[in-house]
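# Coordinate analysis (summary)
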Amino acid sequence: MSIETNSKAIKLFKSIGNINDSYIDEAEVADVAAKIAKRKRVVKYSAIGAAAASVGITTAVLLLRSRRARTRTITTVIESIPEFA
Amino acid sequence: MEDQIILDMYFAREESAIIETKQKYGQRLLNTSMNILNSYEDAEECVNDTLLKAWDAIPPTRPTSFGAYLAKISRNLSINKWESGNTIKRGGGTIPLLLSELEDCIPASGGLEEEWEMSFLTETINEFLSTVNQTARVAFTLRYFHGESIQSISKQFKISESKTKSILFRVRKKLKIHLEKEGII
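Our subject in this report is the structure included herewith. None of these values were measured; they are calculated from a predicted model. Counting restarts for each chain: residues are numbered from 1 in the order of the written sequence. Each chain is given a letter, starting from A, and each ligand a number, starting from 1, according to the order in which they appear as written. Owing to the predicted nature of the model, reporting of local features is limited to residues with pLDDT of at least 70; listing and counting of side-chain atom pairs is limited to 80 or more, with chain, interface and lining totals taken over all residues. By convention in this description, side-chain values take in all heavy atoms of the structure and omit both hydrogens and water.

### Here we look at the nonpolar core
Counting 60 residues, the largest nonpolar core has A:Ile16, A:Ile19, B:Tyr10, B:Phe66 and B:Leu129 as its most contacted members. Counting residues per element, this core draws most heavily on helix H4 (residues 66-83) of chain B, at nine residues. Pairs of residues are marked as contacts when any of their non-hydrogen atoms sit within 4.5 Å. In this structure B:Phe66 touches B:Asp3, B:Ile6, B:Leu7, B:Tyr10, B:Thr21, B:Tyr25 and B:Ile58, once residues within four positions along its chain are discounted. Nonpolar cores are built from buried Ala, Val, Leu, Ile, Met, Phe, Trp, Tyr and Cys residues. Side-chain atoms within 4.5 Å join them into one set. Each residue gets one of three labels from its accessible area relative to the maximum for its type: buried under 20%, exposed over 50%, partly exposed in between, using a 1.4 Å probe on protein chains only. Membership of the second largest hydrophobic core comes to five residues, among which are A:Ile48, A:Ala51, A:Ala52 and A:Ile57. In DSSP terms, a helix is any run of H or I states spanning at least four residues, a strand is any run of E spanning at least two, and both are numbered starting from the N terminus.

Structure follows, in structure tokens:
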């Protein structure tokens, strides 16, 4: 990168620091939403794990059986398992 | 705690406002500063300086978006610290990589060169960002405002790293065209 290009890139980089607050807030919400989605997945799999443990099988086995039953929601995952039928 | 309540504490000159601010925004500010400086000590110093600046400015300032207000202060302080040279010596931060990417946005020079006036640049960037879709805009903000890594952005969007790179590449190209149209060369 030439000195001139570097100088312009730095100015551009600094200018980005003054973009509209709404864009910064928007990115923040996206970040938070991703973390909430991750927490929901953790909660979902925790419930499945608890259900699996209650009948003495692993989460992996429970999910495998549910996949065979072609189910996706947590309720149908659990209900699809013979032990819970 | 709601931002308006925290801001009321600043106006009442209650020092617990600083504690509440750090609790709510400290980690986010630290992450951005760390992305830029790659030094925990320097990043923490920037966060503390941000809180001090906020305390000095509020009141009379009452930001409409407190989070964005703090993020901008912290980012500017981090860049200043990077420019001071100490962080470069320690080989820190993602700024060199981000600058090399932003080089894609710099229109080819030719003829009479306009001075890159900062406020006009910002206005142009804001105008540009209003024209792109939300995913591209958020990716651009996360990468070039917050200095987030490609890996981090990919995880947040639940897409591959190559897809993220592709999104950012297209946005940079579009920004270059936009800057050329605005006569910034």
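### Here we look at the interface of chain B and chain A
The partner chain A presents 29 residues to the 41 residues of chain B that form the contact. When the two sides are added together, the surface that chain B and chain A hide from each other amounts to roughly 3500 Å², 64% of it contributed by carbon and sulfur. For salt bridges, the criterion is a side-chain nitrogen of Lys or Arg within 4 Å of an Asp or Glu carboxyl oxygen. One can count four salt bridges joining chain B with chain A. Residues A:Asp21 and B:Lys72 are paired through a salt bridge, measuring 2.8 Å at the closest nitrogen-oxygen approach. Of all the elements in the fold, those that place two or more residues in the side of chain B that touches chain A are H4, helix H6 (95-102), helix H7 (118-129) and helix H8 (134-144) of chain B. Taken together, the residues of the side of chain B that touches chain A break down into 20 nonpolar, twelve polar and nine charged. Once two parts are put together, the accessible area they lose, assessed with a 1.4 Å probe and summed over both, is termed the buried area. For this scheme, ten residues count as nonpolar: Ala, Val, Leu, Ile, Met, Phe, Trp, Tyr, Cys and Pro. Four count as charged, namely Asp, Glu, Lys and Arg, and the remainder, Gly too, count as polar.

### Regarding H4(B)
All names here are of chain B. Given the number of residues in a helix, its expected span is that number minus one, multiplied by 1.5 Å. Over its 18 residues, H4 extends 26 Å from the first C-alpha to the last, a length consistent with the 26 Å expected when each residue adds 1.5 Å. Across the 18 residues of H4, 15 count as buried, placing the element largely inside the fold. Immediately downstream of H4, the backbone of glycine 85 shows phi near 100°, a positive value.

### Some details on the packing of aromatic side chains
Residue and element names in this part refer to chain B. Geometry of aromatic contacts follows a simple scheme: Phe, Tyr and Trp rings, the Trp one being its six-membered ring, pair when their centres are within 6.5 Å, and the pair is stacked under 30 degrees between planes, edge-to-face over 60, tilted otherwise. If you walk through the whole model with that rule in mind, you get four aromatic pairs over all chains. Relative to tryptophan 55, the ring of tyrosine 10 has its centre 5.8 Å away and its plane inclined at 50°; by these criteria the two rings are tilted. Remark: tryptophan 55 occurs in helix H3 (residues 40-57) and tyrosine 10 occurs in helix H1 (residues 3-11); sequence separation between them is 45 residues. Each member of the pair tyrosine 10 and tryptophan 55 is classed as buried. Both rings, one in tyrosine 10 and one in phenylalanine 66, keep their centres 5.8 Å apart while their planes meet at 75°; by these two values the pair is edge-to-face. Residue tyrosine 10 is found in helix H1, and its partner phenylalanine 66 is found in helix H4; the two are separated by 56 residues along the sequence. Take tyrosine 10 and phenylalanine 66: they sit in the same class, and that class is buried.

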